[in-house]
Amino acid sequence: PQQPRITLNDGTSIPQLGFGVWQVPDAEAPAAVGEAIRVGYRLIDTAQAYENEAGVGIAIRESDCARDRLYITSKLHNRNQGYDSTLSSFDESMARLGIAVMDLFLIHWPMPATDRYVESWKAMVRLREEGRVRSVGVSNFLPEHLERIIGETGVVPVVNQIELHPGYQQRGVRAIHAAHNIAIESWSPLGRGEFFSHPVLTEIADKHDKTTAQVMLRWHLDQGLIVIPKSVTPGRIAENFDVFDFSLAPEEMAAIAELDDVNGKRGPKPENVN
Ligand code: NAD
């Protein structure tokens, strides 16, 4: 089956399922990303902070897939926030990736105590106006940070990439994203491991002859979320992409909804990252 895409608020579109490379060492990135592209992934999610943009760049060049069929995301490192440093560090990312235009560039964390995310956002908007990046978005932004950049620049981010998995479903912020037509991209979509053997998920997985990882990914896709699982194991890279031939029944979606825990956040709280 053809892989779905999500239309963004700037008129572009993004593959709904992508490949995340956090914690993939630079030296392993060419093989892992190469394998992902080979099995069909088109969206690659890296960041300046992951220190593997060069390895991702090698995979892009070595792959048989034409550049214009790939969708490359990177993110601004916290220490590069600020107008000029956003522009200069973007140039460095592009040199490492070896690409002419980036598909999506995100502010990685709002860092409210430093309070440079508005000027960083203005630099991102300039990069888009110059045609160097097709779309601009944010990550780990709370509603107040979204409202502020929209209020001060009039430019709405295309996505907000946030922690979201069955154990932390972020239902409370879904409406404000929908109201602004900001797509949600789920990070740590598999909850960093603890749900692989959860009985609710194993029962659903057995019914569909799928794995619990595949059920979780399907749960994201069936809600219109963009999702970027990570693995360096070829079998799992393929497994995580083999999710386009089934869908979850309403009662299965309801059972997974029950796993939500407002205190289930595993990663850092955005207001504390500086
Ligand atoms: P994940 O949910 O994708 O994976 C969780 C763990 O499960 C990983 O250790 C992985 O090796 C393992 N795994 C993957 N597929 C599996 C399978 N089929 N069976 C068994 N185990 C499997 O976690 P993640 O890497 O934290 O998040 C995914 C991506 O999201 C990252 O690579 C990165 O691109 C992005 N991310 C972004 C931020 C941010 O602040 N914007 C933060 C964290 C992650």
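Residues numbered from 1 in each chain as written. Predicted model: local features only at pLDDT ≥ 70, side-chain atom pairs only at ≥ 80, totals over all residues. Heavy atoms only, no water.

A look at the overall build of the chain
Counting secondary structure elements, the chain contains ten helices and ten strands. Relative to the 2.2 N^0.38 estimate, which gives 19 Å for 274 residues, the radius of gyration of the chain is 18 Å and therefore close to what a compact globule would have. Seen along its three principal axes, the alpha-carbon backbone of the chain occupies a region of about 55 × 40 × 30 Å. Taking the intrachain contacts of the chain between residues at least 6 apart in sequence as the baseline, contacts between residues at least 24 apart amount to 75%. On the chain, roughly 11400 Å² of surface is accessible, and the fraction owed to carbon and sulfur atoms is 48%. Treating the 27 positive side-chain charges of the chain as one cloud and the 37 negative ones as another, the clouds have centres 3 Å apart. (Helix = DSSP H or I, 4+ residues; strand = E, 2+ residues; numbered from the N terminus. Rg over C-alpha atoms; globule rule 2.2 N^0.38 Å. Contact = heavy atoms within 4.5 Å. Areas by Shrake-Rupley, 256 points an atom, 1.4 Å probe, with all protein chains shown as cover. Lys, Arg positive; Asp, Glu negative; His and termini not counted. Charge placed at Lys NZ, Arg CZ, Asp CG, Glu CD.)

Describing the sheet that holds strand β4 (residues 43-45)
As summarised here, the arrangement of the eight strands in space is β3-β4-β5-β6-β7-β8-β9-β10, forming an open sheet in which the pairing is parallel. Either end of the sheet is taken by a strand with one partner, and the two such strands are β3 (18-20) and β10 (226-227). Judged from the three bridges that link them, β3 and β4 form a sheet pairing that is parallel. Within the sheet, the bridge partner assigned to F19 lies in β4 and is I44. Each of β5 (71-76), β6 (102-107) and β7 (133-139) touches helix α4 (residues 117-129); the most contacted strand, β7, lies at about 160° to it. (Pairing = 2+ DSSP bridges. Axes fitted to C-alpha atoms, helices over the stretch in contact; angles between N-to-C directions.)

A look at unusual backbone geometry
For E51, which is not glycine, the phi torsion reads 55° and is therefore positive. Mapped onto the elements, E51 comes out in the loop between β4 and α2 (53-62). Look at N181: it is not a glycine, yet its phi comes out positive at around 55°. The partly exposed category is assigned to N181, whose relative accessible area is 45%. (Buried < 20%, exposed > 50% of the residue type's maximum accessible area, 1.4 Å probe, protein only.)

Regarding the packing of aromatic side chains
Under the definition given, this model contains six aromatic pairs. For the pair Y41 and F241, a centre-to-centre distance of 4.7 Å together with 40° between the ring planes defines the contact as tilted. A residue pair is termed long-range when its members are at least 10 positions apart, and Y41 in the loop between α1 (29-39) and β4 and F241 in helix α9 (residues 234-241) qualify at 200 residues. In this pair, the class of Y41 matches that of F241, namely buried. Look at F241 and F244: their rings are 5.3 Å apart centre to centre, the planes differ by 85°, and that puts the pair in the edge-to-face class. According to the relative accessible area criterion, F241 is buried, its value standing at 13%. (Phe/Tyr/Trp six-rings, centres within 6.5 Å; stacked < 30°, edge-to-face > 60°.)

What to know about the pairing of strand β8 (residues 159-163)
Judged by how many residues are buried, β8 sits mostly within the fold: five of five residues are covered. Pairing geometry for β7 and β8, over two bridges, is parallel. Bridge assignment links V138 to a residue of β8, and that residue is N160. Handedness of the crossover joining β7 and β8 through helix α5 (residues 143-153): right-handed. Alignment of β8 against strand β9 (residues 183-187), held across five bridges, turns out to be parallel. Looking across to β9, one finds that I162 is bridged to S186. Read from β8 through helix α6 (residues 171-180) to β9, the crossover connection turns out right-handed. (Right-handed = clockwise from strand over helix to strand, strands pointing away.)

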